[in-house]
Amino acid sequence: MSPTPEWVMVGGEGPDSYKQHSSYQRDLLKAAKDKINAVISANLSLDLISSRFSVADFGCASGPNTFVAVQNIIDAVEDKYLRETGQNPADNIEFQVLFNDLSNNDFNTLFQGLPSSRRYYSAGVPGSFFDRVLPKQSIHIGVMNYAFQFTSKIPKGISDRNSPMWNRDIHCTGFNNKVKKAYFDQYSLDSKNILDARAEELLPGGLLLLLGLCLRDGIKMSETYRGIVLDLIGASLNDLAQKGVIEQDKVDSFNITLYIAEEDELRQIIEENGKFTIEAFEDIIQSNGESLDPKILAVSLKSAFGGIISSHFGAEAMRKAFELVEAKAHQEFSRLKNAKPAMQYLIVLRKN
Ligand SMILES: C[S@@+](CC[C@H](N)C(=O)[O-])C[C@H]1O[C@@H](n2cnc3c(N)ncnc32)[C@H](O)[C@@H]1O
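Residues numbered from 1 in each chain as written. Predicted model: local features only at pLDDT ≥ 70, side-chain atom pairs only at ≥ 80, totals over all residues. Heavy atoms only, no water.

Draft legend 1. Structural context of the state of the cysteines. This model, assessed by the stated rule, comprises zero disulfides. Here Cys214 is not disulfide-linked; the sulfur of Cys172 is the nearest cysteine sulfur, at 14 Å. (Disulfide = S-S within 2.5 Å.)

Draft legend 2. Main features of helix H6 (residues 177-201). Taking 1.5 Å per residue as the helical rise, H6 with its 25 residues ought to reach 36 Å, and the 36 Å between its terminal C-alpha atoms agrees with that figure. N-capping of H6 is provided by Asn176, with a side-chain oxygen placed 3.0 Å from the backbone N of Lys178. (Helix = DSSP H or I, 4+ residues; strand = E, 2+ residues; numbered from the N terminus. Expected span 1.5 Å × (residues − 1). Polar contact = N/O pair within 3.5 Å; in protein donor to acceptor, adjacent residues only side chain to side chain.)

Draft legend 3. Molecular detail of helix H7 (residues 225-242). End to end, H7 covers 26 Å across 18 residues, agreeing with the expected 26 Å (1.5 Å per residue, within 8%). Positive phi shows up at Gly244, right after H7, with a value of about 80 degrees.

Draft legend 4. Looking closely at the layout of surface pockets. By volume, the second largest pocket amounts to about 410 Å³. Secondary structure elements with two or more residues in the lining of the second largest pocket: H7, helix H12 (333-337) and strand S7 (343-351). When grouped by side-chain class, the residues that make up the lining of the second largest pocket number 11 nonpolar, five polar and six charged. (1 Å grid on protein atoms, 1.4 Å probe; cavity = no way out; pocket = protein on both sides within 12 Å on 5 of 7 lines; lining within 4 Å. Points joined across faces, edges and corners; volume = space filled by probe spheres on them. Nonpolar A, V, L, I, M, F, W, Y, C, P; charged D, E, K, R; others polar.)

Draft legend 5. Here's a closer look at the side chain of Asn255. By the secondary structure assignment, Asn255 is in the loop between helix H8 (248-252) and helix H9 (263-273). Assessed through its relative accessible area of 2%, Asn255 is described here as buried. Here the side chain of Asn255 touches Asn167 through a polar contact of 2.8 Å, side chain to side chain. Within the local environment of Asn255, its side chain forms a polar contact with the side chain of Tyr183, the two groups lying 3.0 Å apart. Apart from residues no more than four positions distant in its own chain, Asn255 is found in contact with Ile154, Ile158, Asn167, Asp169, Ile170, His171 and Tyr183. (Buried < 20%, exposed > 50% of the residue type's maximum accessible area, 1.4 Å probe, protein only. Contact = heavy atoms within 4.5 Å.)

Draft legend 6. Inspection of empty space enclosed by the protein at higher detail. Scanning the model with the defined rule gives one cavity of 30 Å³ or more in all. Each pocket or cavity is described by its volume, and for the largest cavity that value is around 70 Å³. If you trace the largest cavity, you find it lined by His171, Cys172, Thr173, Gly174, Lys180, Leu215, Met221, Leu230, Leu258, Tyr259 and Ile260. Split into classes, the residues belonging to the lining of the largest cavity amount to seven nonpolar, three polar and one charged.

Here you go:
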């Protein structure tokens with residue numbers, strides 16, 4: 001079993017919650033809807049669409065984005081069924097949706113928000129997606145939206161000040177080759193575990209949809225908006241250490257279990273794993289960009305990173321850190337505005 005990571009999104013529906021501040025992640029699902037429809041139509045065999053059809057979302061958080069993710073899939077399966085059989089899917093197919101996340105995810109908020117118009121039965125599946133969480137050959141389609149970027153732990157040596165691999169930043173900026181290699185090695189191992197586990201859980205011919213962010217070739221993480229905002233969090237934590245609010249040692253040993261891979265690295269990991277065929281690797285353009293408003297930027301970062309920062313530094317230090325992030329976002333406005341573009345992807349894999 002992989003070690004259980006502690007990092008979940010801020011739960012509930014309050015002003016700091018992930019639920020209130022994840023429209024950027026949701027917009028990727030909306031922008032990819034037509035492509036998801038076309039790819040499912042072209043790659044899912046009609047033979048697989050039986051009376052019970054199971055969909056699983058891995059890393060579902062507390063909603064509502066997961067409802068968009070699974071509805072996109074159900075709509076596409078129903079469209080294909082109706083088009084190819086002329087029969088009403090509602091008469092013949094029952095859908096089951098399995099919502100997976102870590103056991104400390106806020107599943108209560110998720111279940112309370114289930115859309116009343118849904119045409120599926122639902123269940124929660126607690127557990128780490130780096131391991132198996134479902135029975136063998138039990139699902140037809142799996143999806144991960146903004147969840148294929150985690151590592152299960154901090155790469156070895158990275159958080160040790162005495163190691164030649166020590167990372168003075170809190171994430172993989174892309175500017176230190178040793179750190180980059182350590183992160184990539186850990187990420188390759190973890191992503192292979194994800195693919196192995198999903199390959200067992202999916203039926204042969206089943207599909208795995210991966211949506212998220214990757215780096216375009218030649219662009220470093222800290223040249224992109226997402227990298228710059230992580231730099232702002234790191235700088236804020238260092239400021240707090242200098243003011244004596246938190247210990248410098250704690251900052252030096254803090255690294256985020258996140259790696260934004262390059263496009264080619266993702267292809268390499270999937271191809272080396274060998275359990276899936278890449279049916280689509282699409283660049284998804286969404287009309288709403290990242291927010292440059294410092295207040296919105298700070299609060300949405302807090303909803304995603306507040307949990308991991310609180311568990312390392314305590315809730316009060318976390319609150320102060322994000323106040324500083326907001327101030328720094330004002331100062332770094334032009335760096336954020338001129339950030340190099342990253343790529344939002346939809347990868348569709350068919351289980352061999
Ligand atoms: C950035 S959020 C994305 C949530 C949602 N898919 C969306 O579209 O907004 C990443 C989610 O992955 C979950 N997660 C991270 N590591 C996980 C793991 N090892 N196993 C299961 N879920 C995990 C987090 O708890 C979080 O809910």
